[in-house]
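# Observations on the model geometry
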Amino acid sequence: MGNLFGRKRRSRVTEQDRAVLQLKQQRDKLRQYQKRLSLGLERERALARQLLRDGKKECARLLCPFSSPLQVQDIEFTQIEMKVIEGLKIGNECLNKMHQVMSIEEVERIIGETQDAVEYQRQIDELLAGSLTEEDEDAILEELNAITQVGLMFLWLKSPFPGKVSPIKNRPKAELVAAS
């Protein structure tokens, strides 16, 4: 019975200790709540990714009401990056196979042949386009003058009166016709 009327013992737990305990309990509860939220968000994100893969962009945006549209765009961008990386892997494998099939000397030979063919085609294009240099035009005009003088001499010699009649005076003047 001495306990009833005895002196009260002071507790070793102070108010500060109780406050610290209360803070730690709140912290633990917050961590649990945060963990539940992150798991729920992760499930929603996985579902949103699946909807995006299926082409249902609007449904994916509605599924993520707490997330900003930027997060949906980030998911789309990440998917595009994944496709690009897969494409690069496939391209790299193809290049490695090509390296096994062709040697550097073979590639250089093909490049040389291609450059020769391009130069040859350029020369043909220049000839067909009529792009003559100034020297080419002068040479053509000199040849034309020589041909016309020989032709005039031939006409002069065929005339019935070679000494009296000039073939230039007897020749009718040629009319120039414009090309249409």
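Residues numbered from 1 in each chain as written. Predicted model: local features only at pLDDT ≥ 70, side-chain atom pairs only at ≥ 80, totals over all residues. Heavy atoms only, no water.

## Quick look at the pattern of salt bridges
One pass over the full model with this rule turns up eight salt bridges. With a closest N to O distance of 3.5 Å, Arg27 and Asp28 form a salt bridge. For Lys89, the salt bridge goes to Glu86, with nearest N and O atoms at 3.8 Å. Pair noted here: Lys89 and Glu86 are both in helix α4 (residues 69–101), with a separation of three residues, about one helical turn. A relative accessible area of 47% places Lys89 in the partly exposed class. In this structure, a network of salt bridges that share partners links the residues Glu42, Arg45 and Arg49. (Salt bridge = Lys/Arg side-chain N within 4 Å of Asp/Glu carboxyl O. Helix = DSSP H or I, 4+ residues; strand = E, 2+ residues; numbered from the N terminus. Buried < 20%, exposed > 50% of the residue type's maximum accessible area, 1.4 Å probe, protein only.)

## Concerning helix α2 (residues 15–53)
Along its 39 residues, α2 runs 56 Å from first to last C-alpha, staying within 8% of the 57 Å computed at 1.5 Å per residue. Positive backbone phi, approximately 85°, marks Gly55, located one or two places after α2. (Expected span 1.5 Å × (residues − 1).)

## Quick notes on the nonpolar core
Counting five residues, the largest nonpolar core consists of Ala48, Leu51, Leu52, Ala60 and Ile75. Residue contributions to this core peak at three residues, all from α2. In contact with Leu51, not counting residues within four places along its chain, are Lys56, Cys59, Ala60 and Leu63. (Core = buried A, V, L, I, M, F, W, Y, C linked by side-chain atoms within 4.5 Å. Contact = heavy atoms within 4.5 Å.)

## Focus on the environment of Arg49
Within the element layout of this structure, Arg49 appears in helix α2. Residue classification places Arg49 among the partly exposed positions, given a relative accessible area of 29%. For the pair Arg49 and Gln79, spaced 30 residues apart in the sequence, the C-alpha separation amounts to 8.8 Å. In contact with Arg49, not counting residues within four places along its chain, are Glu42, Ile75 and Gln79.

## Things to note about the confidence of the model for the protein chain
Looking at the protein chain as a whole, its pLDDT mean stands at 77, while 73% of the residues score no less than 70. Across the protein chain, the secondary-structure element scoring lowest on mean pLDDT is helix α7 (residues 167–170), at 50, and the one scoring highest is helix α5 (residues 104–129), at 87. (pLDDT = per-residue confidence, 0-100.)

## Comments concerning the environment of Glu44
Note on placement: Glu44 falls in helix α2. On a C-alpha basis, the gap between Glu44 and Leu63 in space is 6.8 Å, while along the polypeptide they are 19 residues apart.

## Remarks on a negative patch on the surface
A cluster of acidic residues, Glu134, Glu135, Asp136, Glu137, Asp138 and Glu142, forms a negative patch at the surface. With respect to the helices, strands and loops of the structure, Glu135 is situated in helix α6 (residues 134–158). Overall, the relative accessible area of 66% leaves Glu135 in the exposed class. (Patch = residues over 30% accessible without salt bridge, like charges linked within 9 Å, V, L, I, M, F, W, Y side chains within 5 Å. Areas by Shrake-Rupley, 256 points an atom, 1.4 Å probe, with all protein chains shown as cover. Lys, Arg positive; Asp, Glu negative; His and termini not counted. Charge placed at Lys NZ, Arg CZ, Asp CG, Glu CD.)

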